[in-house]
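Below, each chain spelled out in residue letters.
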Amino acid sequence: MEPIFTNDAIVFGILMLSLGFVFYTESLKTGFWPKFYKIVPGLFMAYFIPAIFTTVGIISPEWKTTNATGEVVSNSSQLYYVASRFLLPASLVLMTLSIDLKAIFNLGSKALIMFFTGTVGVIIGGPLAILLISIFSPETVGGADFDAVWRGLSTLAGSWIGGGANQTAMLEIYKYNPEKYGGMVIVDIVIANVWMAILLIGIGRKDKINKWLKADTSAIEELKEKVITFTQKVKRNPTLTDFMIMLSIAFGTVGFGHFAAKYLSAFFSEFVASINSQTWRNVFSFLGSGFFWLISISTIVAVILSYTKAKNYEGAGASKLGSIFIYILVATIGMKMDLNQAFENPGLIAIGFVWMTIHALLLILVAKMIRAPYFFLAVGSQANVGGAASAPIVAQAFHPSLASVGVLLAVFGYAIGTVGAILCTILMELASTI
């Protein structure tokens, strides 16, 4: 169905108005809104309001129209592409300028433990979901040959451990019926976005969650305190020159990132294609992703700049400027979420729901055992399920200085995504035959 507004300029205006509404109401000190935002974080509302607009048909990320000759034409908004390819890497540069790598490494092993726990949760969640759903609805997890549901679910495993490149690799490896692949994409969008919404809501109650987990948050607080102290030390009233230089640093880096990513992705695509072993070709398929290289290069350049005087632009509001870009990205992600899709294929959605529940329960169990803060749980999960596009969103919701943690873990997810997804798929194939 065609939405009411299809012009991206108008849609962007609607998204910015919704963000303005969120920030204005969040700034109010009396009445209903302060009580509301004690429960629901503003970042969640920045995501949820566009989702409502999409659900009721005001805007849409994709739609179809019929031209004068009766041909059905597919249309799509470019706002998410612009936000993820331009604004996301720019925000990572601005929020990483003042990074303290030593303090990041001092966060300890719990970040990695929770990340790998999330990975294991996805690997075992798939086959367990198939086994549980088969008890009530065996036809939902059935199918033969290239229509077998486990083949389609392999693409979800690739997406939820790594990212889009890993998802595509799994589709190539297991040859799931392309005509049915759209159903798996819907499950990915619905479940992953609902889970991110739950994580964002949890951020509003992070203190209570950390208390229940008996978590040691000292390393995180120390990192935040270091950034705050440094910011206060170099704080100044930003001038127009400051803003222009910050934007030139950010988008100059993004431009270089796109330039280098084009050649690196092409080179590694050819290199990976030349590997004789099919298994190793699958493992390194993520190296052919331009987005992987864009995020990696932007982050590396920003880390290098953090050892120069450029880090002093944090005092002029570099991370705040980066946060603006992040919020715009959040709004475009929310726009991709049509709540009506949850009812289009309830069987597959049920598999995804059980799968993600197992992933979540394992994270909670391990976090409780090792007393890991909610930050590690949320970011470790999102680095798997959401990847580089959304892990920094969840991380910076705790504090802008932590966005780089989400990026580093998400990039690592790309590296192990295909291997983990293949292991998960082997287990899902076995589960579907029981």
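Reading guide: rules and limits
- Residues numbered from 1 in each chain as written.
- Predicted model: local features only at pLDDT ≥ 70, side-chain atom pairs only at ≥ 80, totals over all residues.
- Heavy atoms only, no water.
- Helix = DSSP H or I, 4+ residues; strand = E, 2+ residues; numbered from the N terminus.
- Rg over C-alpha atoms; globule rule 2.2 N^0.38 Å.
- Buried < 20%, exposed > 50% of the residue type's maximum accessible area, 1.4 Å probe, protein only.
- Contact = heavy atoms within 4.5 Å.
- Areas by Shrake-Rupley, 256 points an atom, 1.4 Å probe, with all protein chains shown as cover.
- Lys, Arg positive; Asp, Glu negative; His and termini not counted.
- Charge placed at Lys NZ, Arg CZ, Asp CG, Glu CD.
- Patch = residues over 30% accessible without salt bridge, like charges linked within 9 Å, V, L, I, M, F, W, Y side chains within 5 Å.
- Salt bridge = Lys/Arg side-chain N within 4 Å of Asp/Glu carboxyl O.
- Axes fitted to C-alpha atoms, helices over the stretch in contact; angles between N-to-C directions.
- Parallel < 35°, antiparallel > 145°, perpendicular 65-115°, else oblique.
- Left-handed = near helix turned anticlockwise from the far one by under 90°.
- Nonpolar A, V, L, I, M, F, W, Y, C, P; charged D, E, K, R; others polar.
- Phe/Tyr/Trp six-rings, centres within 6.5 Å; stacked < 30°, edge-to-face > 60°.
- Lys NZ or Arg CZ within 6 Å of the ring centre and 35° of its normal.
- Core = buried A, V, L, I, M, F, W, Y, C linked by side-chain atoms within 4.5 Å.
- 1 Å grid on protein atoms, 1.4 Å probe; cavity = no way out; pocket = protein on both sides within 12 Å on 5 of 7 lines; lining within 4 Å.
- Points joined across faces, edges and corners; volume = space filled by probe spheres on them.
- Pairing = 2+ DSSP bridges.
- pLDDT = per-residue confidence, 0-100.
- Expected span 1.5 Å × (residues − 1).
- Bend = angle between axes of the 7 residues up to and from the residue.

Chemist: Is there a simple way to think about the overall build of the protein chain in this case?
Modeler: Helix and strand content of the protein chain: 19 helices and two strands. For 434 residues, the compact-globule estimate of 2.2 N^0.38 gives 22 Å, and the protein chain sits close to it at 22 Å. Here the C-alpha coordinates of the protein chain stretch approximately 65 × 55 × 55 Å along the principal axes. Looking at the protein chain as a whole, 53% of its 434 residues are labelled buried. Restricting to contacts in the protein chain with at least 6 residues of sequence separation, those with at least 24 account for 83%. When the accessible surface of the protein chain is summed, it comes to about 19700 Å², and 67% of that surface belongs to carbon and sulfur atoms. Here the protein chain holds 28 positive side-chain charges and 23 negative ones, and the gap between their average locations is 14 Å.

Chemist: Help me understand unusual backbone geometry in this model?
Modeler: Generally, phi is negative for residues other than glycine and the peptide bonds are trans, each holding for most cases. Positioned with a positive phi, K214 is a non-glycine residue whose angle comes to about 55°. Among the secondary structure elements, K214 is positioned in the loop between α10 (206–213) and α11 (218–234). Positive phi values are uncommon outside glycine, yet R371 reaches one of about 55°.

Chemist: Just checking my understanding: could you explain a nonpolar patch on the surface for this structure?
Modeler: There is a patch of nonpolar side chains on the surface, built from V120, I124, L128, L131 and I434 and spanning about 430 Å² of accessible area. Of note, L131 is situated in helix α6 (residues 110–136). Owing to a relative accessible area of 30%, L131 belongs among the partly exposed residues under this scheme.

Chemist: Honestly, the packing of α6 against helix α7 (residues 149–161) in this entry has me stumped. Any pointers?
Modeler: Helix-helix packing is characterised by the crossing angle of the two axes and by the distance between the axes. Closest axis-to-axis distance for the α6/α7 pair is 10 Å, and the angle between their directions is 160°. Here α6 lies roughly antiparallel to α7, going by the angle between them. Relative to α7, α6 is oriented so that their crossing is right-handed. Contacts between α6 and α7 pair T119, V122, I123 and I130 from the former with W150, L153, A157, W160 and I161 from the latter. Of the residues in the contact of α6 with α7, the class split is eight nonpolar, one polar and no charged.

Chemist: Which parts of the structure should I look at to understand the packing of aromatic side chains?
Modeler: Where two aromatic rings form a pair, the distance of their centres and the angle of their planes describe that pair. A complete count under the given rule lists 24 aromatic pairs for this structure. Arranged with centres 5.5 Å apart and planes meeting at 55°, the rings of F375 and F376 form a pair that is tilted. Here F375 matches F376 in class, with each residue buried. Ring-pair connections join several aromatic residues into one group, and the members of that group are F267, F268, F271, F292, W293 and Y414. Its end group placed over the ring of Y80, K336 keeps NZ or CZ at 3.9 Å from the ring centre. Lying over the aromatic face of W212, K368 brings its terminal NZ or CZ to 4.2 Å of the ring centre.

Chemist: Quick question: what am I supposed to make of the nonpolar core here?
Modeler: The biggest cluster of nonpolar side chains holds 140 residues, and the ones touching the most others in it are L153, W160, W355 and F375. With 13 residues, helix α9 (residues 178–203) is the single largest residue contributor to this core. Once residues lying within four places of it in the same chain are set aside, the contact partners of W355 are G121, V122, G125, G126, A129, L153, L156, A157, W160, C424 and M428.

Chemist: Is there a simple way to think about empty space enclosed by the protein in this case?
Modeler: Gaps left between atoms show up when a probe the size of a water molecule is rolled over them. One pass over the full model with this rule turns up one cavity of 30 Å³ or more. When its volume is computed, the largest cavity comes out at roughly 40 Å³. Surrounding the largest cavity, M95, S98, I99, D100, I104, L223, V227 and S401 form its lining. Of the residues in the lining of the largest cavity, the class split is five nonpolar, two polar and one charged.

Chemist: Explain the environment of V56 here, please?
Modeler: The residue V56 is located in the loop between α3 (42–55) and β1 (62–66) in this model. Judged by relative accessible area, which is 53%, V56 ranks as exposed.

Chemist: How should the pairing of strand β2 (residues 72–76) be read in this particular structure?
Modeler: Within a regular beta strand, the side chains point alternately toward one face of the sheet and then the other, so they alternate between its two faces. Here β1 runs beside β2; their pairing, made up of five bridges, is antiparallel. Looking across to β2, one finds that T66 is bridged to V72. What sits between β1 and β2 in their antiparallel hairpin is a turn of five residues, with G70 showing a positive phi close to 85°.

Chemist: Explanation requested: the pattern of salt bridges in the structure shown.
Modeler: Close approach of charged atoms allows side chains of opposite charge to pair. Throughout the structure, instances matching the rule amount to three salt bridges. Here K175 makes a salt bridge to E172, at a shortest N to O gap of 3.8 Å. The salt bridge involving E221 is made with K224; its shortest N-O contact spans 3.5 Å. Residue E221 and its partner K224 are located together in helix α11, separated by three residues, close to a single helical turn.

Chemist: Mind showing me how you'd approach the confidence of the model for the protein chain here?
Modeler: Where the model shows low pLDDT, its predicted coordinates should not be examined in detail. A residue-level look at the protein chain finds 100% of positions with pLDDT of 70 or above and a mean pLDDT of 89. Ranking the elements of the protein chain by mean pLDDT puts helix α13 (residues 278–283) last, at 74, and helix α1 (residues 8–27) first, at 96.

Chemist: I would appreciate a short explanation of helix α4 (residues 79–96) in the present structure.
Modeler: For an α-helix, the turn length of 3.6 residues means that residues three or four places apart are oriented alike. Taking 1.5 Å of rise per residue, the 18 residues of α4 would be expected to cover 26 Å, and the 24 Å separating its terminal C-alpha atoms lies within 8% of that figure. Within α4, the axis deviates most sharply at L87, by approximately 35°, and proline P89 lies no more than four positions further along. Taking burial as the measure, the 18 residues of α4 include 13 buried ones, the bulk of the element.

Chemist: What should I look at first to understand the side chain of Q382 in this one?
Modeler: Note that Q382 resides in helix α17 (residues 374–385). Beyond its immediate chain neighbours, meaning those up to four positions away, Q382 contacts W195, M196, L199, G387, S390, A391 and V394.

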